[in-house]
Amino acid sequence: MKDCPRLFADPATQPPMHDDAVVELTPGHAHYLGTVLRMGAGDEVALFNARDGEWRAGIEAIRRDRGQVRVRRQTRPAEPVVGPVLLFAPLKRDATDLVIRMGTELGVRRFLPVLTERTNTHRVNGARLAGIAVEAAEQCERLDVPEVDDPLPLVDRLAAWPQGRRLFVAAERPAQRDGTAEIEAGCNEGGGIDGACDGDGLLVGPEGGFSAAEVALLRSRPFVTMISLGPRILRADTAVACGLSLMGAGFRRASGAGSR
């Protein structure tokens, strides 16, 4: 099947897709298809979201900032949304963008920015980050687009953490870890995190790590497990990719053995 551009059809603004339905393009999508890709009537695109799955559609008409496509057939059914929740301290603009992009590609279902004592910036453009998540979802062929929440202080995030979900914390320095034996017990031979299940969270702190008071706060919570990402000090965005990869391996291991 020939590849074609994938466009996120926001279920909050679009009715359910079905055969022969006509969908209005957003101005951004119309500009991208008509001006950037120079597509026209008759060309095919793919529309997707978590509610409807993925559908092929043909362009009916397109102008600078408007257009319509007609839905033709479903190519992928909707599927359950699974994946980890990522808590991260906002970084400088480019690094935060990379966290959203990589996290979307690695299956994060929800981003929860966390304000810590050493957070580089307290300002987050949620609309802009949501747009980056949409672009990443379109490119990596996932059906859903992760949510991006507004920033909250670490203590508030911990207070609102859902019962029954674990939170794995990437401990940057030896003083921030629970102890070597506990860390090693947290990772399985396949390189994943033992016990990591759908809906669990990963917390990655700011450049410079958590303060002593924050480490004590985290260790006081029964749902928190401190983990190591290896012997080296990683950049925060690198730590995100590493931690999410370990959680993904843990998910696959748990699914093979029967997750909770």
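Data block above holds the structure.
Presented here is a report on the structure given in the accompanying data block. All chains use their own residue numbering, which begins from 1 and follows the written sequence. In keeping with the model being predicted, local features are shown solely for residues with a pLDDT of at least 70 and side-chain atom pairs are shown and tallied solely at 80 or more, while totals for entire chains, interfaces and linings include all residues. Heavy atoms from the whole structure form the basis of all side-chain values; hydrogens and water molecules are not counted.

1. Thoughts on the pattern of salt bridges
Next up, step 1: The rule for a salt bridge is simple: a side-chain nitrogen of Lys or Arg has to be within 4 Å of a carboxyl oxygen of Asp or Glu. In the structure shown here, the tally under the stated rule is 15 salt bridges.
Next up, step 2: Each of Arg6, Glu54, Arg76 and Glu79 takes part in one network of salt bridges that share partners.

2. Observations regarding the side chain of Glu138
Next up, step 1: Numbering goes from the N terminus for both helices and strands, where a helix is a DSSP run of H or I of at least four residues and a strand is a run of E of at least two. Tracing the sequence through the fold places Glu138 in helix 3 (residues 126-140).
Next up, step 2: Between buried and exposed lies partly exposed: a residue is buried under 20% and exposed over 50% of the maximum accessible area for its type, with that area taken using a 1.4 Å probe on protein chains only. For the purpose of charge, His is not counted, nor are the chain termini; Lys and Arg are scored as positive and Asp and Glu as negative. Despite its burial, Glu138 pairs with no opposite charge, the nearest such side chain being Arg6 at 7.3 Å.
Next up, step 3: With near-sequence residues (within four places) excluded, Glu138 lies in contact with Arg6, Leu7, Phe8, His29 and Phe48. We call two residues in contact whenever any of their non-hydrogen atoms come within 4.5 Å of each other.

3. Describing the packing of aromatic side chains
Next up, step 1: Between the rings of Phe, Tyr and Trp (Trp by its six-membered ring), a pair exists once the centres lie within 6.5 Å; its type follows the angle of the planes, with under 30 degrees stacked, over 60 edge-to-face, and the other angles tilted. Applying the stated rule across the entire model yields 3 aromatic pairs.
Next up, step 2: Ring geometry for Phe88 against Phe111: centres 6.4 Å apart, planes inclined by 90°, an arrangement best described as edge-to-face. Highlighted residues: Phe88 in strand 6 (residues 85-88) and Phe111 in strand 7 (residues 110-115), separated in sequence by 23 residues.
Next up, step 3: Using a relative accessible area of 2% as the deciding quantity, one classes Phe88 as buried.
Next up, step 4: What makes Phe111 buried here is its relative accessible area of 0%.
Next up, step 5: Geometrically, the ring pair formed by Trp161 and Phe223 is stacked, given 6.4 Å between the ring centres and 25° between the ring planes. Remark: Phe223 occurs in the loop between helix 6 (212-219) and strand 12 (224-227) and Trp161 occurs in the loop between helix 4 (154-159) and strand 10 (167-170); sequence separation between them is 62 residues.
Next up, step 6: Residue classification places Trp161 among the buried residues on the basis of a relative accessible area of 11%.
Next up, step 7: Note on criteria: charge over ring means Lys NZ or Arg CZ within 6 Å of the ring centre, with the direction from the centre no more than 35 degrees off the ring normal. Its end group placed over the ring of Phe48, Arg6 keeps NZ or CZ at 4.0 Å from the ring centre.

4. So, helix 2 (residues 93-105)
Next up, step 1: Each residue after the first adds 1.5 Å to the expected span of a helix. The terminal C-alpha atoms of helix 2, which comprises 13 residues, lie 19 Å apart, in line with the 18 Å expected from a rise of 1.5 Å per residue.
Next up, step 2: Among the residues of helix 2, Ala95, Thr96, Asp97, Val99, Ile100, Met102, Gly103 and Thr104 are the ones counted as buried.
Next up, step 3: Gly107 occupies a position one or two residues after helix 2 and carries a positive phi of about 95°.

5. Re the environment of Pro80
Next up, step 1: Here Pro80 lies in the loop between strand 5 (67-76) and strand 6.
Next up, step 2: Residues Pro80 and Arg51, 29 residues apart in the sequence, show an inter-C-alpha distance of 9.2 Å.

None of this, on its own, says anything about what the molecule does.
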